[in-house]
Amino acid sequence: MSSPSKRREMDLMKLMMSDYKVEMINDGMQEFYVHFHGPNESPYHGGVWKIRVELPDAYPYKSPSIGFINKIYHPNVDEMSGSVCLDVINQTWSPMFDLVNVFEVFLPQLLLYPNPSDPLNGEAAALMMRDRATYEQRVKEYCEKYAKPEDIGAATEEKSSDEELSEDEYDSSDEQVAGKADP
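Let me begin by describing the structure that accompanies this report. Here the structure is a predicted model, which means the values were calculated and not measured. Positions within a chain are numbered from 1, following the residues in the order the chain's sequence is written. At least 70 in pLDDT is required for a residue's local features to be given in this predicted model, at least 80 for side-chain atom pairs to be given and counted, and no such filter applies to totals for whole chains, interfaces and linings, which use all residues. Processing note: side-chain calculations cover all non-hydrogen atoms of the structure and skip hydrogens and water entirely.

### Regarding the overall build of the protein chain
Step number 1: In terms of regular secondary structure, the protein chain is built from 7 helices and 4 strands.
Step number 2: Labels follow the DSSP assignment, with helices taken as runs of H or I lasting at least four residues and strands as runs of E lasting at least two, numbered in each case from the N terminus. Scanning the protein chain from its N terminus toward the C terminus, one meets helices and strands in the order α-β-β-β-β-α-α-α-α-α-α.
Step number 3: Contacts: residue pairs with any heavy atoms within 4.5 Å of one another. For the protein chain, restricting intrachain contacts to residue pairs at least 6 apart in sequence, the fraction spanning at least 24 positions comes to 56%.
Step number 4: By element, 51% of the accessible surface of the protein chain is carried by carbon and sulfur atoms, the whole surface being about 10000 Å². Where accessible areas are quoted, they stem from the Shrake-Rupley method and a 1.4 Å probe; at the residue level, only the protein chains shown are allowed to cover.

The following block contains the structure:
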């Protein structure tokens, strides 16, 4: 049987050899970012998110910690911290799963089939249950505002200031500094 560190290396290499862009956070293999594209046939299609992955020392026996760095509007994702409420990752994790499963199965399923009865974002859950069309429009607005492919590089820097800001309006000034200035 292989050690957890060998398995961690093997899973990370498998993820890097797949179609996902992986950015290491430091010299170790325990923290990294993965660029994740919203699934087709969903209001998240066209969005790109930077996902922070942290592998515990006991990986694969203990689940990875997964969080969205740039904002996403979803009942099962905390809007401010980006933490994910996902049973497979948080409670039913098994060493049979690997990192590719997280990005090819678990996260796409989360976005395709939100669970408004177990929310981390109560506003998104309530809107989804009350008015699905308006909910999907809000999802698309967030994709356009926070998850454009060209914005993903700036997501890391924006996250640290997002925690200090509570109003969405302040984010637009951050984007103008990093992007094109409006005339």
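### Looking at the sheet that holds strand β4 (residues 65–68)
Step number 1: Taken together, the 4 strands give an open sheet; going across it, the order is β1-β2-β3-β4, and neighbouring strands pair in antiparallel fashion. Looking at strand neighbours, the two that pair on one side only are β1 (22–24) and β4, the edges of this open sheet. Within the sheet, the average angular offset between the axes of one strand and its neighbour, ignoring direction, is 25 degrees.
Step number 2: At least two DSSP bridges between two strands are required for those strands to pair. Relative to strand β3 (residues 48–54), strand β2 (residues 31–37) runs antiparallel, the two sharing 7 bridges. Residue pairing in the sheet places Y33 in a bridge with R52 of β3.
Step number 3: Each axis is a line fitted through C-alpha atoms, and for a helix only the stretch in contact is used; angles between axes span 0 to 180 degrees, taken between their N-to-C directions. Its contacts with the sheet place helix α3 (residues 99–112) against β2, β3 and β4, and it is angled at close to 50 degrees to β2.

### A closer look at the packing of helix α1 (residues 4–17) against α3
Step number 1: Packing of α1 against α3 brings their axes to within 7 Å, and their N-to-C directions diverge by 45 degrees. Between α1 and α3, the angle falls in the class oblique. Where α1 approaches α3, its residues D11, L12, K14 and L15 are matched on the opposing element by L99, V100 and F103.
Step number 2: Throughout, the ten residues Ala, Val, Leu, Ile, Met, Phe, Trp, Tyr, Cys and Pro are labelled nonpolar, Asp, Glu, Lys and Arg are labelled charged, and all others, Gly among them, are labelled polar. Partitioning the contact of α1 with α3 into residue classes produces 5 nonpolar, no polar and 2 charged. Working rule for angles: under 35 degrees goes down as roughly parallel, over 145 as roughly antiparallel, 65 to 115 as roughly perpendicular, anything else as oblique.

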